[in-house]
Amino acid sequence: MKNYMQQYLGNDYGKDHLRNFCLYWMKAYDGSGDEWRKGNDLDCICFDGDLRADTLMSAWTPVKWVADCLNKDTGMKFYKRAKDREYPDHYLKLLATDRDAYLPRKHRLTGLLDEFLELAELRCNFILLPVREMNCARYKSVINGEEVWLCDEVPATLSHIFDKDSLGRFFLGDDGEVDEEAVVSWVKREHLEMGFEDGCIARERVRPLIPGADPYEARWLTDEDEIYAALEYMIGFLAERQWVLSHGMTAEAV
């Protein structure tokens, strides 16, 4: 499967996938606007500049979960763009140049994080949305006048596409209700069936990010065991989707 990170970084690409992402984020922040995004966002690169492209699972979110968790005794918090430092790339440079000081390779969370980031560079972590406006809405939406954070978490996305007041507004039929056939069609087109129990595409069958969680409600994780469970979910999801995409099959056939 084609590696879009390697294509983007060129000779700067290496086997340390955390470093790859840090270099990518620093480079991608050098510009802005639609034309810049077409050639500098991995999701857009994957889909030849289509602005409906989106990253399925945020790479930064689990990086921050793990980094903050493993450094909580020092009180250090990590940010993709530092507002408390002279240089916005401060924390990215720390992780890129001295990762072992903050993310010990032998720690169980770091091992899973590296496994996830390796998959996150690939086609299996990119999707094409029905409309580009859904990109920002997957991170934060206004539902019935209330601001709700979804944080690009897959279970939240798969739950909210059935809610007409949330992401379901991108799948409305002529009657103003969610067209569930359109939802199912999009899920199948993007090969996201593994996000549902037994591949049954329905709101009540969405698999949670961690055991016991409500898939509809995004969770910001700080507990080590919960982060571990979430990384296992994310790795399993992307690995299965990679297999499906590379073999041109549906998830039901796996």
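Everything numeric here is computed off the predicted structure, so don't read it as measured data.

Looking now at empty space enclosed by the protein. Unoccupied space between atoms shows up once a probe the size of one water molecule is rolled over them. One pass over the structure, following the stated rule, counts 2 cavities of 30 Å³ or more. Each pocket or cavity is described by its volume, and for the largest cavity that value is around 100 Å³. Along the walls of the largest cavity sit 13 residues, with Met 57, Asp 152, Glu 153, Val 154 and Met 234 positioned nearest its centre. Listed by contribution, the elements that provide at least two residues to the lining of the largest cavity are helix H5 (60-70), helix H10 (154-160) and helix H12 (224-247). Looking at the lining of the largest cavity, the element that brings in the most residues is H5, giving 3 residues. The wall of the second largest cavity is formed by Glu 153, Pro 155, Ala 156, Leu 209, Ala 213, Asp 214, Pro 215, Glu 217 and Arg 219. Residues of the lining of the second largest cavity, tallied by class, amount to 5 nonpolar, no polar and 4 charged.

Here the focus is the pattern of salt bridges. Note on pairing: side chains with opposite charge can pair once their charged atoms come close. Tallied over the full model, the rule gives 20 salt bridges. Between Arg 138 and Asp 54 there is a salt bridge whose closest N-O contact spans 2.8 Å. Here Arg 138, found in the loop between helix H9 (134-137) and strand S3 (140-143), pairs with Asp 54, found in strand S1 (residues 53-55); they are 84 residues apart in sequence, far enough to count as distant. Residue classification places Asp 54 among the buried positions, given a relative accessible area of 4%.

Before going further, it helps to examine the pairing of strand S4 (residues 146-149). Every other side chain in a regular strand lies on the same face of the sheet, so the side chains alternate between the two faces. The pairing of S3 with S4 spans 4 bridges and is classified as antiparallel. Paired with Val 142 across the two strands is Glu 147, which belongs to S4. In sequence, S3 turns back onto S4 through a hairpin of 2 residues, with Asn 144 there showing a positive phi of about 55°.

We now examine the packing of H5 against H12. With their axes 11 Å apart at the nearest point, H5 and H12 run at an angle of 155° to one another. If you check the angle between H5 and H12, you find them roughly antiparallel. Helix-helix and strand crossings are classified by hand; for H5 and H12 the assignment is left-handed. Residues Pro 62, Trp 65, Val 66 and Cys 69 of H5 form the contact with H12, whose participating residues are Glu 224, Ile 227, Ala 230, Leu 231 and Met 234.

This brings us to the side chain of Asn 125. Inspection of the secondary structure assignment puts Asn 125 in the loop between helix H8 (108-120) and strand S2 (126-128). Given the relative accessible area of 1%, Asn 125 is considered buried. One polar contact links the side chain of Asn 125 to the main-chain amide nitrogen of Met 57, over a distance of 2.9 Å. For Asn 125, the contacting residues outside a window of four places in its chain are Asp 54, Thr 55, Leu 56, Met 57, Leu 119, Ala 120, Leu 238 and Arg 241.

The final tally for this structure, using the stated rule, is 12 aromatic pairs. Taking 5.5 Å as the distance between ring centres and 85° as the angle between the ring planes, the aromatic pair formed by Tyr 8 and Tyr 24 counts as edge-to-face. Residue Tyr 8 is found in helix H1 (residues 4-9), and its partner Tyr 24 is found in helix H2 (residues 17-28); the two are separated by 16 residues along the sequence. For the pair Tyr 8 and Tyr 24, a shared accessibility class is recorded, and that class is buried. Between the aromatic rings of Tyr 139 and Trp 149, the centroid separation amounts to 5.5 Å while the plane-to-plane angle is 90°, which identifies the pairing as edge-to-face. Remark: Trp 149 occurs in strand S4 and Tyr 139 occurs in the loop between H9 and S3; sequence separation between them is 10 residues. Take Tyr 139: its relative accessible area is 36%, and that puts it in the partly exposed class. Stacked on the ring of Tyr 79, the Lys or Arg Lys 64 has its end atom at 4.2 Å from the ring centre.

Once that is clear, we can look at the nonpolar core. A general tendency of soluble globular proteins is for nonpolar side chains to be buried together. Formed by 85 residues in total, the largest nonpolar core has its most connected members in Tyr 24, Met 57, Leu 95, Phe 116, Ile 161 and Trp 186. Among the elements that take part in this core, H12 stands out by supplying 10 residues, more than any other. Not counting residues within four places of it along the chain, the set of residues in contact with Tyr 24 comprises Met 5, Tyr 8, Leu 9, Asn 40, Asp 41 and Leu 42.

Take the environment of Tyr 91 next. With respect to the element layout, Tyr 91 can be found in helix H6 (residues 90-97). With relative accessibility at 3%, the residue Tyr 91 sits in the buried group. Between the alpha carbons of Tyr 91 and Lys 77 there is a distance of 8.9 Å; along the sequence they are 14 residues apart. Among all residues touching Tyr 91, those that are not within four sequence positions of it are Met 76, Lys 77, Phe 78, Tyr 79, Ala 82, Asp 84 and Arg 85.

Rules of the game
- Residue numbering note: each chain is counted from 1, following its sequence as written.
- For a predicted model such as this one, the threshold for reporting local features is a pLDDT of at least 70, and the threshold for listing and counting side-chain atom pairs is 80 or more; totals across whole chains, interfaces and linings nevertheless cover every residue.
- Hydrogens and waters are ignored; side-chain quantities use all the structure's heavy atoms.
- Definitions used for this entry: grid spacing 1 Å over protein atoms alone; cavity, a set of points where a 1.4 Å probe fits but cannot get out; pocket, an open set with protein on both sides within 12 Å along at least 5 of 7 lines; lining residue, one with an atom within 4 Å of a point.
- Grid points are joined across faces, edges and corners, and a volume is the space filled by probe spheres set on the points.
- In this text, helices come from DSSP runs of H or I with a minimum length of four residues, and strands from runs of E with a minimum of two, each type numbered from the N-terminal end.
- Note on residue categories: nonpolar means Ala, Val, Leu, Ile, Met, Phe, Trp, Tyr, Cys or Pro, charged means Asp, Glu, Lys or Arg, and polar means any other residue, Gly included.
- Basic side-chain nitrogens of Lys or Arg form a salt bridge, by our definition, when they fall within 4 Å of a carboxyl oxygen of Asp or Glu.
- Summary of the burial criterion: residues with accessible area below 20% of their type's maximum are buried, those above 50% are exposed, and those between are partly exposed, where the area comes from a 1.4 Å probe applied to protein chains only.
- A pair of strands counts as paired when DSSP detects no fewer than two bridges linking them.
- For every element, the axis is a line fit to its C-alpha atoms; helices are fit only across the contacting stretch, and the angle between N-to-C directions ranges from 0 to 180 degrees.
- Note on angle classes: values under 35 degrees are labelled roughly parallel, values over 145 roughly antiparallel, values of 65 to 115 roughly perpendicular, and the remainder oblique.
- By the definition used in this description, the sense in which the near helix is turned from the far one sets the handedness, with an anticlockwise turn below a right angle giving left-handed and a clockwise turn giving right-handed.
- Working rule for contacts: check all heavy atoms of both residues, and any pair within 4.5 Å makes them a contact.
- Pairing of N or O atoms within 3.5 Å defines a polar contact, subject to two protein rules: one partner must be a possible hydrogen donor and the other a possible acceptor, and residues neighboring in sequence count only if both atoms are side-chain atoms.
- Side-chain rings of Phe, Tyr and Trp (the six-membered ring for Trp) are treated as a pair once their centres are within 6.5 Å; stacked means planes under 30 degrees apart, edge-to-face means over 60, and tilted covers the remaining angles.
- To sit over a ring, a charge needs its Lys NZ or Arg CZ within 6 Å of the ring centre and within 35 degrees of the ring normal.
- Remark: nonpolar core denotes a set of buried residues (Ala, Val, Leu, Ile, Met, Phe, Trp, Tyr, Cys) joined through side-chain atoms within 4.5 Å.

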